[in-house]
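Examining the three-dimensional arrangement
Listed below are the residues making up each chain.
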Amino acid sequence: MSNPSLPISHPRLRQSPQQAEAAFRARLAELGAILLEPLWLGVNTPHRVRCAAGHDCAPQPASVRKGRGVCRTCAGRDPQAAETAFRARLTELGATLAEPAWLGVNAPHRVRCAAGHDCAPNPGNVRNGDGVCRTCAGKDPKVAEAAFRARLTELGATLLESTWLGANVPHRVRCADGHDCAPRPGNIRDGDGLCRACSGRAWDALYVVASDVDVVKFGITSGDPRPRLRAHRRNGLDQVLRLFTGLPDGVARALENNIIAALRDAREEPIQGREYFSSRALPLILDLIDHHPAIRALGPTVTPQD
């Protein structure tokens, strides 16, 4: 019996040529690949193979034994295939490649998107589902800052923050009525209001949402909860388990703090941030909400429609 604590190069674990060839052929069979090489060339020599997808490739048996795949094209590591796929994706998106030569799957390439923005996406990121243009996606810091400042000007508000902190970080702002507030630029971009005091609905909504992957989140918001619920739905939290709006002043915040404290006492650790938990914590969360006097006075929950 082999000793798993020994390195693969240890003499006791070295394979004979016959064993290595047999293992290579067995692995190809598992992967649905066909060996095209008529002779065994050794563990460190590429062998001609046709993968299950029909691509001709040349993996080294030693690499396959170490857990690597047989086909560079299927793995997205074939330069020609990667370039072809990148160009095809740009065409689908109406974008134009401005780079004169292929620089590699992980190197930025100059591109002009369909909206006319100059950008530099990595082909690997585009292959994995990212967009090509940071400006169109709202991720360009300069563009996001300019849009935030322009929106503040429209609303008659003054930015008190000395530096840009990012689209998802609260920024100190003084609204047109003189209230100090701290909106997130990303929320303003998505249509949320600027000042909770002006809205007259500061922290008056409570919600509990969940996903199909054993995640539950509770939280509070102000006024119309639909923008917040849409944001959570985009992240997979598409089940609205509880939703209360128009709560009396301070109730939503106090309930949120009570839930956090109770979960801490129950030794339930968040899986992200302060308010994302395993669904194992759901019964405790719902019990605390449903038995709160202010919640019981409201009656059944209502889920708003988009």
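Predicted model, so just to flag it, every value in this text is computed and none were measured. (Residues numbered from 1 in each chain as written. Predicted model: local features only at pLDDT ≥ 70, side-chain atom pairs only at ≥ 80, totals over all residues. Heavy atoms only, no water.)

Remarks on the packing of aromatic side chains
For the coordinates displayed, the defined rule picks out four aromatic pairs. With 6.0 Å between their ring centres and 20° between their planes, Phe218 and Phe277 make a pair best called stacked. You can see Phe218 sitting in strand 11 (residues 215-221) and its partner Phe277 sitting in strand 13 (residues 276-278), a full 59 residues away along the chain. The exposure class of Phe218 is buried, given its relative accessible area of 1%. Above the plane of the ring of Tyr276 lies Lys217, whose end atom (NZ or CZ) is 5.4 Å from the centre. (Phe/Tyr/Trp six-rings, centres within 6.5 Å; stacked < 30°, edge-to-face > 60°. Helix = DSSP H or I, 4+ residues; strand = E, 2+ residues; numbered from the N terminus. Buried < 20%, exposed > 50% of the residue type's maximum accessible area, 1.4 Å probe, protein only. Lys NZ or Arg CZ within 6 Å of the ring centre and 35° of its normal.)

Things to note about the sheet that holds strand 9 (residues 180-181)
In sheet architecture, strand pairing relies on hydrogen bonds along the backbone and comes in two forms, parallel and antiparallel. Spatial ordering of the open sheet is given by 7-8-9, a layout of three strands whose pairing is antiparallel. Each of the sheet's edge strands pairs with one partner strand only, and the pair in question is strand 7 (158-159) and strand 9. In the sheet, strand 7 pairs with strand 8 (residues 173-174) via two bridges, with the strands oriented antiparallel. Residue Thr158 lies in a different strand from strand 8, and its bridge partner there is Arg174. (Pairing = 2+ DSSP bridges.)

Some remarks on the pairing of strand 10 (residues 205-210)
Here strand 10 lies mainly inside the structure; six of its six residues are buried. Covered by surrounding structure in strand 10 are Ala205, Tyr207 and Val209 together with Leu206, Val208 and Ala210, the residues of both alternating faces. Hairpin remark: strand 10 followed by strand 11, antiparallel, with four residues in the connecting loop; positive phi at Asp214, about 65°.

Examining the environment of Val111
Mapping Val111 onto the fold places it in strand 5 (residues 111-112). Along the sequence, Val111 and Leu237 sit 126 residues apart, while their C-alpha atoms lie 34 Å from each other. For Val111, the contacting residues outside a window of four places in its chain are Phe86, Leu90, Ala95, Thr96, Leu97, Ala98, His117, Asp118, Cys119 and Pro121. (Contact = heavy atoms within 4.5 Å.)

Regarding the confidence of the model for the chain
With 91% of its residues at a pLDDT of 70 or more, the chain has an overall mean of 85. Across the chain, the secondary-structure element scoring lowest on mean pLDDT is helix 7 (residues 196-199), at 71, and the one scoring highest is strand 7, at 95. Here residues 302-306 is modelled with pLDDT under 50, and outside its nearest four sequence neighbours on either side it reaches 11 contacts, counting other chains as well. (pLDDT = per-residue confidence, 0-100.)

A closer look at the environment of Asn257
By secondary structure assignment, the location of Asn257 is in helix 9 (residues 251-265). A residue is classified by how much of its surface remains accessible, and Asn257, at 37% relative accessible area, is partly exposed. Sequence separation between Asn257 and Pro17 is 240 residues, and the spatial gap between their C-alpha atoms is 66 Å.

Here's the deal with the pattern of salt bridges
Note on pairing: side chains with opposite charge can pair once their charged atoms come close. Evaluated as defined, the whole model comprises 17 salt bridges. Here Arg110 ties to Glu99 by a salt bridge, and the two come within 3.1 Å at their closest N and O atoms. You can see Arg110 sitting in the loop between strand 4 (96-97) and strand 5 and its partner Glu99 sitting in the loop between strand 4 and strand 5, a full 11 residues away along the chain. A residue is classified by how much of its surface remains accessible, and Glu99, at 13% relative accessible area, is buried. Among the charged side chains, a salt-bridge network with shared partners connects Lys217, Arg274 and Glu275. (Salt bridge = Lys/Arg side-chain N within 4 Å of Asp/Glu carboxyl O.)

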